[in-house]
Amino acid sequence: MSDLYELSISRFIKASPETVWRAWTRHATEWFTPRPWSTVSVDHDLRPGGRADVVMQSPEGERHEYRGVVLEVEPGRRLVTTGAFTEGWIPQPGEMNFVRIDTFEPEGDGTRYTARARHWDEKAMQTHRDMGFEPGWGAAADQLAQVAETLSPQESAP
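Small disclaimer: the values here were computed from a predicted structure and weren't measured.

**A word on the sheet that holds strand β9 (residues 98-107)**
- Taken together, the five strands give an open sheet; going across it, the order is β1-β10-β9-β6-β5, and neighbouring strands pair in antiparallel fashion. Strand pairing shows two members of the sheet lacking a second neighbour, β1 (6-13) and β5 (69-74), which therefore form its edges. Between one strand axis and the next, the sheet turns by 10° as a mean value, whatever way the strands run.
- One ladder, built from eight bridges, connects β1 with strand β10 (residues 110-119); its direction is antiparallel. From the neighbouring strand, S8 faces β10, where its bridge partner is R116.
- Seen against the sheet, helix α3 (residues 133-150) touches β1, β9 and β10 and runs at an angle of roughly 25° to β1.

See the structure below:
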């Protein structure tokens, strides 16, 4: 596969990678879904093969359930998930499956947060882009920054 069929967003966040990781993993219901939608629940088992499940809801009450699996975890630095499988390596149908890669890199006095979506083909990537990938994932990244930048030192400790 010579082309990664990747969409990505990146933000500088004025908090340490460990704090941004803590915001990502412990406060996801506060930031994961772009407002006015909400994140009803997040159930992540942060180990390879563990759950990566999220339930999102529109202001009108429409719910979208995302079930996935964790592929890779490097605490404080990198998290890789996919909806192509669920826990127990059960394949999921759908033309819009992708691999999500979130990275937390030290940069100056903060963190360079990057979220990538790698698709199986160009059609899936374009569909995701047309659904509003950049504004949606960008708004979620901005919300993540807001949460991370307001965490107290006690909340960001390991």
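**Here's the deal with the packing of helix α1 (residues 17-26) against α3**
- Viewed as axis vectors pointing N to C, α1 and α3 meet at an angle of 115°, and their least axial separation amounts to 9 Å. Viewed along their axes, α1 and α3 form a crossing whose handedness is right-handed. Along the contact surface, α1 presents T19, V20, A23 and W24, while α3 presents L144, V147 and A148.
- Tallied by class, the residues present in the contact of α1 with α3 amount to six nonpolar, one polar and no charged.

Analysis parameters
- Residues numbered from 1 in each chain as written.
- Predicted model: local features only at pLDDT ≥ 70, side-chain atom pairs only at ≥ 80, totals over all residues.
- Heavy atoms only, no water.
- Pairing = 2+ DSSP bridges.
- Helix = DSSP H or I, 4+ residues; strand = E, 2+ residues; numbered from the N terminus.
- Axes fitted to C-alpha atoms, helices over the stretch in contact; angles between N-to-C directions.
- Contact = heavy atoms within 4.5 Å.
- Left-handed = near helix turned anticlockwise from the far one by under 90°.
- Nonpolar A, V, L, I, M, F, W, Y, C, P; charged D, E, K, R; others polar.

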